[in-house]
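Residues per chain are reported as follows:
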Amino acid sequence: MNAAARAPVDRTSLSWQRTEAHSTLVALFAAITAVRLGEPAVAIAAGALILAAVIVAASTPRVHRSTAERRDPWSLMVRTAAVVVLSAVVAAVLLVAVQLDA
């Protein structure tokens, strides 16, 4: 299969990776907000979750699905879902901590 025919598949793979990167940035901003709001425990927990999200996102391979047996997007979706869930946990913990202090 030539590069032009494979390009849409590669772009789909890259879009999953971009989603992981964006979700990690959301968690990073939540951690920075926790520091600014004086929630050090939340900031430390957020830092650990961000580190886990970065490891998952950075270890996601770029998929070249040139053959039928290599076209399974399941691993990309699971990794992306894991990063999104970790980012949501960071935001939820920050929200709960702020509400408990209020």
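Summarised in this report is the structure supplied together with it. Starting from 1, residues in each chain are numbered consecutively following that chain's sequence as written. Predicted model: local features are reported for residues with pLDDT of at least 70 only, side-chain atom pairs are reported and counted for 80 or more only, and whole-chain, interface and lining totals are derived from all residues. Note that the side-chain values use all heavy atoms of the structure and ignore hydrogens as well as water.

## Notes on a nonpolar patch on the surface
Put simply, the test is: To count toward a patch, a residue needs a relative accessible area above 30% and no salt bridge. Like charges then connect within 9 Å, nonpolar side chains (Val, Leu, Ile, Met, Phe, Trp, Tyr) within 5 Å. Per-residue accessibility takes into account occlusion by the displayed protein chains alone, with areas from the Shrake-Rupley method and a 1.4 Å probe. Should a side-chain nitrogen of Lys or Arg be within 4 Å of a carboxyl oxygen of Asp or Glu, the pair is scored as a salt bridge. Put simply, DSSP marks the helices as runs of H or I at least four residues long and the strands as runs of E at least two long, and each gets a number from the N terminus on. Here's how the labels work: a residue is buried when its accessible area is under 20% of the maximum for its type, exposed when over 50%, partly exposed in between, all with a 1.4 Å probe on protein chains only.
Side chains of Leu25, Leu28, Phe29 and Ile32 sit close together on the surface and give an oily, nonpolar patch of about 360 Å² of accessible area. Counting through the fold element by element, leucine 28 comes out in helix α1 (residues 3–36). We classify leucine 28 as partly exposed; its relative accessible area is 36%.

## Observations regarding the side chain of serine 23
Heads up, the condition is: Only heavy atoms enter the contact rule, under which two residues are in contact if any of them lie within 4.5 Å.
Note that serine 23 resides in helix α1. Once residues within four sequence positions are removed from consideration, serine 23 is found in contact with Val83, Val84 and Ser87.

## Some words on the side chain of threonine 24
By the secondary structure assignment, threonine 24 is in helix α1. When sequence neighbours within four positions are dropped, the list of residues in contact with threonine 24 reads Ile50, Ala53, Val54, Val83 and Ser87.

## Observations regarding helix α2 (residues 40–58)
Short version of the rule: Expected span of a helix, by definition, is 1.5 Å for each gap between consecutive residues, and there is one gap fewer than residues. Note that the arc is defined by the directions from the helix axis to the C-beta atoms.
Taking 1.5 Å of rise per residue, 19 residues should cover 27 Å, and α2 covers 26 Å from first to last C-alpha, within 8% of that figure. Where α2 is concerned, the buried positions are Val42, Ala43, Ala46, Ile50, Ala53 and Ala57. Take α2 and look down its axis: the buried residues cluster within an arc of 90 degrees, on one side only. Counted as exposed and oriented over 90 degrees from the buried face of α2: Pro40, Ala41, Ile44, Leu51 and Ile55.

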